Amino acid sequence: GESVGLHLPTLSVQEGDNSIINCAYSNSASDYFIWYKQESGKGPQFIIDIRSNMDKRQGQRVTVLLNKTVKHLSLQIAATQPGDSAVYFCAEKSGNTPLVFGKGTRLSVIA
Amino acid sequence: DGGITQSPKYLFRKEGQNVTLSCEQNLNHDAMYWYRQDPGQGLRLIYYSQIVNDFQKGDIAEGYSVSREKKESFPLTVTSAQKNPTAFYLCASSIEDVGGEQFFGPGTRLTVL
């Protein structure tokens, strides 16, 4: 079946550097994508989303890039801070189907 | 404050007992969802509901049951038929029928002894 997955299960970044978390998806009909941040023992929190009619969207310190040609999604975090340490999930959906989540990438920020 | 609440945060049960996890939202959202998360894993959809008195099975519905008698509430029962019930359970809601940004509750960690 269709699936959402991640290239890297863990990522260690020096404080102040930029982080890039990648996500591959296989459903070419997906029209909405979203990134969540989950801290240990808590529920996921919304970071940023993007629709398939866009290829880039920026938020505060975060940017999401969508490449529909290769079905790839990435989350860029600028000037990574210790508080960014968490597990990051991408999710996608097609039409009115529920969100499908990837397995997650753990981001560790080294002070 | 608007949001989603789940209770309790930690729950312990003996094997063979049914247990019901609570999920309440005051966001006036139509759609609600239940996910299961195992250590080091992503979220797997158990059940979801688009409107009151209607719900659909997700990817791993076996051994679980739900009800949606009120818009604000979507309780999940983990039955004795669920072979491996120990997990972190997350409830979510969204303003659209299905999908779109989902708002998550704090989760309930269920441990079956």
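Just above, that's the structure.
The paragraphs below set out a description of the structure included in this document. For clarity, every value in this text was computed on a predicted model and none was experimentally measured.

1. Topic: the overall build of chain B
- Assigned secondary structure in chain B consists of zero helices and eleven strands.
- Shown N-terminal to C-terminal, the secondary structure of chain B runs as helices and strands in the order β-β-β-β-β-β-β-β-β-β-β.
- Whereas a compact globule of 113 residues would reach a radius of gyration of roughly 13 Å, chain B reaches 13 Å, a difference of no more than 12%.
- Dimensions of chain B along its principal axes, counting C-alpha atoms only, are 35 × 25 × 25 Å.
- Among the 113 residues that make up chain B, the fraction classed as buried is 48%.
- Across chain B, the fraction of contacts at a sequence separation of at least 24, relative to all contacts at a separation of at least 6, is 53%.
- When the accessible surface of chain B is summed, it comes to about 5500 Å², and 48% of that surface belongs to carbon and sulfur atoms.
- Of the charged side chains in chain B, 11 are positive and 13 negative, and the gap between their average positions amounts to 10 Å.

2. Examining the environment of B:Gln50
- Note on placement: B:Gln50 falls in the loop between β5 (43-49) and β6 (56-57).
- Taking relative accessible area as the criterion, B:Gln50 reaches 24% and is therefore assigned partly exposed.

3. What to know about the interface of chain B and chain A
- Across the boundary between the two partners, chain B contributes 19 residues, which contact 19 residues of chain A.
- Buried surface at the junction of chain B and chain A, summed over both partners, amounts to about 1400 Å²; 57% is from carbon and sulfur atoms.
- If you look at where chain B meets chain A, you find zero salt bridges.
- Joining chain B to chain A, the criterion identifies four residue pairs in polar contact (both at pLDDT 80 or more).

4. Concerning the layout of surface pockets
- One number sums up the size of the largest pocket: a volume of about 430 Å³.
- No other element matches the three residues that strand β9 (residues 86-93) of chain A contributes to the lining of the largest pocket.
- Looking at the lining of the largest pocket residue by residue, the class counts come to seven nonpolar, nine polar and five charged.
- In this model, the second largest pocket occupies a volume close to 230 Å³.
- Taken together, A:Thr97, A:Pro98, A:Leu99, A:Val100, A:Phe101, B:Tyr35, B:Leu43, B:Arg44, B:Leu45, B:Gly58, B:Asp59 and B:Ile60 make up the full set of residues lining the second largest pocket.
- Breaking the lining of the second largest pocket down by element, the ones donating at least two residues are β10 (100-101) of chain A together with β5 of chain B.
- Considering only residue class, the lining of the second largest pocket consists of eight nonpolar, two polar and two charged.

Thresholds applied
- Residues numbered from 1 in each chain as written.
- Chains lettered and ligands numbered in written order.
- Predicted model: local features only at pLDDT ≥ 70, side-chain atom pairs only at ≥ 80, totals over all residues.
- Heavy atoms only, no water.
- Helix = DSSP H or I, 4+ residues; strand = E, 2+ residues; numbered from the N terminus.
- Rg over C-alpha atoms; globule rule 2.2 N^0.38 Å.
- Buried < 20%, exposed > 50% of the residue type's maximum accessible area, 1.4 Å probe, protein only.
- Contact = heavy atoms within 4.5 Å.
- Areas by Shrake-Rupley, 256 points an atom, 1.4 Å probe, with all protein chains shown as cover.
- Lys, Arg positive; Asp, Glu negative; His and termini not counted.
- Charge placed at Lys NZ, Arg CZ, Asp CG, Glu CD.
- Buried area = accessible area lost by both parts, 1.4 Å probe.
- Salt bridge = Lys/Arg side-chain N within 4 Å of Asp/Glu carboxyl O.
- Polar contact = N/O pair within 3.5 Å; in protein donor to acceptor, adjacent residues only side chain to side chain.
- 1 Å grid on protein atoms, 1.4 Å probe; cavity = no way out; pocket = protein on both sides within 12 Å on 5 of 7 lines; lining within 4 Å.
- Points joined across faces, edges and corners; volume = space filled by probe spheres on them.
- Nonpolar A, V, L, I, M, F, W, Y, C, P; charged D, E, K, R; others polar.

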